[in-house]
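# Remarks on the overall topology
Spelled out from the first residue to the last, the chains are:
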Amino acid sequence: MTKEQLEAFRLAYAKSVKKCIKGKDKNGKDIEEQSDWVFFDRKLIQDLLDMCDPKIGGLKMYFGQYDKENLDILPIDRKDRDDYIGRISIAIAAANKTESGIFDLSTESKNSTDLAIDSGSSSRNGGILCPPNCNP
């Protein structure tokens with residue numbers, strides 16, 4: 001997920017859900033019941049944790065919302081991609097907490113404490129979202 005993709009994802013959220021304005025689905029209708037949960041597999045989470053410093057590292061989670069303009073951040077083979085439009089979700093980034101702040105890590109530099117989000121960002125998205133995938 002690039003810096004630009006993360007910013008677009010977060011902007012869609014800031015324009016609606018963060019301000020309590022309902023998201024719009026693929027047909028332009030209000031989302032009446034918003035996302036319940038997001039699943040990220042262990043490998044993705046472990047890969048991000050492995051990028052962090054073992055003492056000051058962790059995961060930063062960004063709220064965002066899918067819309068027609070940022071839907072390309074989902075895997076192309078996701079069968080229900082259009083059903084994600086208007087739904088809030090989470091992007092996860094590896095980060096280190098320092099005295100001067102919490103900084104996302106670049107995939108090019110393990111354990112760095114002073115890198116902002118960039119095209120080599122550790123940010124990940126594309127978890128399985130409920131709805132539409134609410135199997136028990």
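Only a predicted model underlies this, so the values are computations on that prediction, with no experimental measurement involved.

The rules behind these values
- Residues numbered from 1 in each chain as written.
- Predicted model: local features only at pLDDT ≥ 70, side-chain atom pairs only at ≥ 80, totals over all residues.
- Heavy atoms only, no water.
- Helix = DSSP H or I, 4+ residues; strand = E, 2+ residues; numbered from the N terminus.
- Buried < 20%, exposed > 50% of the residue type's maximum accessible area, 1.4 Å probe, protein only.
- Areas by Shrake-Rupley, 256 points an atom, 1.4 Å probe, with all protein chains shown as cover.
- Salt bridge = Lys/Arg side-chain N within 4 Å of Asp/Glu carboxyl O.
- Patch = residues over 30% accessible without salt bridge, like charges linked within 9 Å, V, L, I, M, F, W, Y side chains within 5 Å.
- Core = buried A, V, L, I, M, F, W, Y, C linked by side-chain atoms within 4.5 Å.
- Contact = heavy atoms within 4.5 Å.
- Arc of directions from axis to C-beta.
- Polar contact = N/O pair within 3.5 Å; in protein donor to acceptor, adjacent residues only side chain to side chain.

### Concerning the overall build of the protein
Across its full length, the protein holds 2 helices and 5 strands. If you list the helices and strands of the protein from N to C, you get α-β-α-β-β-β-β. When burial is assessed residue by residue, the protein has 38% of its 136 residues classed as buried. Just so you have it, the protein exposes about 8200 Å², and 52% of that area is on carbon and sulfur atoms.

### Things to note about the pattern of salt bridges
Scanning the entire structure with this criterion turns up 5 salt bridges. Salt-bridge contacts for Lys-26 lead to Asp-83; the nearest nitrogen and oxygen are separated by 2.9 Å. Pair noted here: Lys-26 is in the loop between helix 1 (3-15) and strand 1 (37-39) and Asp-83 is in the loop between strand 2 (57-65) and strand 3 (88-98), with a separation of 57 residues, a long-range link. Overall, Asp-83 belongs to the partly exposed group, its relative accessible area being 33%. Among the ionic pairs, Asp-47 bridges to Lys-43, the shortest N-O distance being 2.8 Å. With Asp-47 and Lys-43 both in helix 2 (residues 42-51) and 4 residues apart, the pair spans about one turn of that helix.

### A few points about a nonpolar patch on the surface
On the surface, a nonpolar cluster with roughly 280 Å² of combined accessible area is contributed by Trp-37, Phe-39 and Ile-128. By the secondary structure assignment, Phe-39 is in strand 1.

### Let's talk about the nonpolar core
Core analysis: the largest hydrophobic core is formed by 13 residues, its most contacted members being Met-1, Leu-6, Phe-9, Tyr-66, Leu-71, Tyr-84 and Ala-91. Of all the elements in the fold, those that place two or more residues in this core are helix 1 and strand 3. Excluding anything up to four places from it in sequence, Tyr-84 contacts Tyr-66, Leu-71, Leu-74, Arg-78, Gly-127, Ile-128, Leu-129, Pro-132 and Asn-133.

### A look at helix 2
Buried residues of helix 2: Leu-44, Leu-48 and Met-51, and no others. Buried residues of helix 2, seen end-on, are gathered within an arc of 55 degrees and therefore sit on one face of the element. Exposed side of helix 2, more than 90 degrees from the buried face: Arg-42 and Lys-43 are the residues found there. Buried positions along helix 2 lie against strand 2 and strand 3. At the N-terminal end of helix 2, a side-chain oxygen is found 3.2 Å from the backbone nitrogen of Lys-43, two or three residues along, and the residue is Asp-41.

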